[in-house]
Amino acid sequence: MTYYRPLVRHGEARPEGAVPLAGSALWFTEVEILSREAPPRIAPAGLVPEKERRRLSARRASIAGLDMTQPQIMGILNVTPDSFSDGGKHAGVEAAKAAALQMVADGATIIDVGGESTRPGAADVAEADEIARTAPVIAAIRAESQVPVSIDTRKATVGLEALEAGADLLNDVSGFTFDPALAPLAAQASVPVCIMHAQGDPATMQQDPQYANVLLDVYDFLEQQIDRLEAIGVIREQIVIDPGIGFGKTQEHNLTLLRNLSLFHGLGCPILLGVSRKGFIGRIGEEPRAEARAPGSIAAGLAALAQGVQFLRVHDVAETVQALRLWQAVR
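Along each chain, the written sequence defines residue order, and numbers are assigned to residues from 1. Per-residue local features of the predicted model are confined to residues with pLDDT of at least 70, and side-chain atom pairs are confined, for both listing and counting, to 80 or more; whole-chain, interface and lining totals are unaffected and use all residues. Side-chain calculation: all heavy atoms of the structure are included, whereas hydrogens and water are not.

Looking at an unreviewed UniProt entry, the chain carries the name Dihydropteroate synthase, with the source organism given as Leisingera aquaemixtae. UniProt positions are given in the numbering used here, feature names are shortened, and annotations may be inferred rather than shown by experiment. Quoted verbatim from the Sequence similarities (unreviewed entry) field of UniProt, the annotation for the chain is "Belongs to the DHPS family." According to UniProt, the comment filed for the chain under the heading Pathway (unreviewed entry) is "Cofactor biosynthesis; tetrahydrofolate biosynthesis; 7,8-dihydrofolate from 2-amino-4-hydroxy-6-hydroxymethyl-7,8-dihydropteridine diphosphate and 4-aminobenzoate: step 1/2."

Take a look at the structure:
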């Protein structure tokens, strides 16, 4: 199999033959051609087959009413006692609602509510507990705001309760491999989904993860899951993909994915990136405190936006939005 990674550029002046990237203001004239059998090589964009070029260039449909030609900031709302950087901070419906509304005021365009920690080593949470943590919070947010809300869950019963409470998107860190009932629920409800790649489950995923080729292995998994969901009725235009930084990956795996994010545009779906406050940012940035990793998280996020990523999933909304405004202004 051959893979095409666009070498992304920006600027109003474009050379003849420039191809728009995912219908955005970004574009490319060359691609890196990758395969498992041959070394990478650079080639003109005109050599990309028509089907692959259409997927790379086509404008993405709106997701939960959000314009995919503009960067979207997803605010993280963990309503768990044990998340790695903010566990317990948003305990209780009123505290969680207030945090969500503050993130919206700070510029978040979607809120991601999660009731199960998926940090390395985390244990499973009972469905009833996860529902009790998330559904009332989603209902409280919806009563005060029309901001899109996603439910961060691997479980169909949790997803169903969240949708009934007003959630707009199902975000599954297992890539719809954990609960076989979750993908059919998404199809039946006709809601957008986010498919994330993870190797192993949270309890074991960081115990010596191995790949033949992390970039292509993650791509192949996401393509397989997109095809599987599409086959049962999930609309491809309503699928978001996430390479799963930090989920069953070493620091070098993470950096390889971050350097090559533009490859994933070949799947024809919007890309979500979640790097906020993660351990590798602390190691590279020499910051042991998770809550103090906003600068490193923003640096990685802006580098991803330069490759055409559509969603940044972040804890530090105000700081990220300020950085994004300046980044857009100078570009």
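Enquirer: Quick rundown of the overall build of the chain? Include the residues and the values.
Expert: When its secondary structure is counted, the chain shows ten helices and 13 strands. The C-alpha atoms of the chain give a radius of gyration of 19 Å, which matches the 20 Å a tight globule of 331 residues would have. In terms of overall dimensions, the chain has a C-alpha envelope of 55 × 40 × 40 Å along the principal axes. Relative accessible area decides the class of each residue, using a 1.4 Å probe on protein chains only: under 20% of the type maximum gives buried, over 50% gives exposed, and in between gives partly exposed. Taken across its 331 residues, the chain has 57% of its residues classed as buried. Every helix listed is a DSSP run of H or I at least four residues long, and every strand listed is a run of E at least two residues long, numbered separately from the N terminus. For a compact globule the rule gives 2.2 Å times the number of residues to the power 0.38, and the radius of gyration it is set against comes from C-alpha atoms.

Enquirer: Tell me about the sheet that holds strand β7 (residues 110–114), residues and numbers included.
Expert: Two strands pair if DSSP finds at least two bridges between them. Pairing is parallel across the open sheet formed by eight strands, whose spatial order is β11-β10-β9-β8-β7-β6-β13-β12. The strands lining the two open edges of the sheet, one partner per strand, are β11 (239–242) and β12 (272–273). Looking at chain direction, β7 and strand β8 (residues 149–152) are connected through four bridges and run parallel. Along β8, the bridge assignment pairs Gly114 with Asp152. Sitting on the sheet, helix α10 (residues 317–330) is in contact with β6 (72–78) and β13 (311–314), with an inclination near 170° to β6. Contacts between residues were defined by any pair of non-hydrogen atoms, one from each residue, lying within 4.5 Å. Between N-to-C directions, angles span 0 to 180 degrees; the directions come from axes that are lines fitted to C-alpha atoms, helices contributing only their stretch in contact.

Enquirer: Any chance you could break down the packing of helix α4 (residues 156–165) against helix α5 (residues 182–189) for me, citing the residues and the numbers?
Expert: One way to put it is that α4 packs onto α5 with a least axis distance of 9 Å and a crossing angle of 25°. For the element pair α4 / α5, the angle class is roughly parallel. As for the relative orientation of α4 and α5, their crossing is right-handed in sense. Two secondary-structure elements touch here, α4 through Ala156, Gly159, Leu160 and Leu163 and α5 through Leu182, Leu185 and Ala189. Lys, Arg, Asp and Glu make up the charged group, whereas Ala, Val, Leu, Ile, Met, Phe, Trp, Tyr, Cys and Pro make up the nonpolar group; the residues left over, Gly among them, are polar. For the contact of α4 with α5, the per-class residue count stands at six nonpolar, one polar and no charged. These descriptions rest on fixed angle ranges, namely under 35 degrees for roughly parallel, over 145 for roughly antiparallel, 65 to 115 for roughly perpendicular, and the rest for oblique. For any pair of crossing helices, the crossing counts as left-handed if the nearer helix is rotated counterclockwise from the farther one by less than a right angle, and right-handed if it is rotated clockwise.

Enquirer: Residues and numbers for the packing of aromatic side chains, please.
Expert: For any two aromatic rings, the description comes down to two numbers: the centre-to-centre distance and the angle of the planes. Aromatic contacts are taken between Phe, Tyr and Trp rings whose centres are within 6.5 Å, Trp giving its six-membered ring; a plane angle under 30 degrees counts as stacked, one over 60 as edge-to-face, and the others as tilted. Throughout the structure, instances matching the rule amount to two aromatic pairs. Ring geometry for Tyr3 versus Tyr219: centroids 5.3 Å apart, planes at 85°, classification edge-to-face. Linking Tyr3 in strand β1 (residues 3–6) with Tyr219 in helix α6 (residues 214–231), this pair joins segments that are 216 residues apart in sequence. Owing to a relative accessible area of 3%, Tyr3 belongs among the buried residues under this scheme. Linked through ring pairs, Tyr3, Tyr219 and Phe264 together constitute an aromatic cluster. By the criterion adopted, a ring carries a charge over it if an Arg CZ or a Lys NZ lies within 6 Å of its centre and within 35 degrees of its normal. The ring of Phe178 is capped by Arg154, whose NZ or CZ atom sits 4.1 Å from the centre of that ring.

Enquirer: Tell me about the pairing of β8, and name the residues and values.
Expert: Going residue by residue along β8, you find Val149 and Ile151 tucked away on one face and Ser150 and Asp152 tucked away on the opposite face as well. Of the pairings in the sheet, the one linking β8 to strand β9 (residues 169–172) comprises three bridges and is parallel in character. Within the sheet, the bridge partner assigned to Ile151 lies in β9 and is Leu170. By convention a crossover is right-handed if, when the strands point away from the viewer, the path from the first strand over the helix to the second runs clockwise. A crossover links β8 with its parallel partner β9, the connecting element being α4, and its sense is right-handed.

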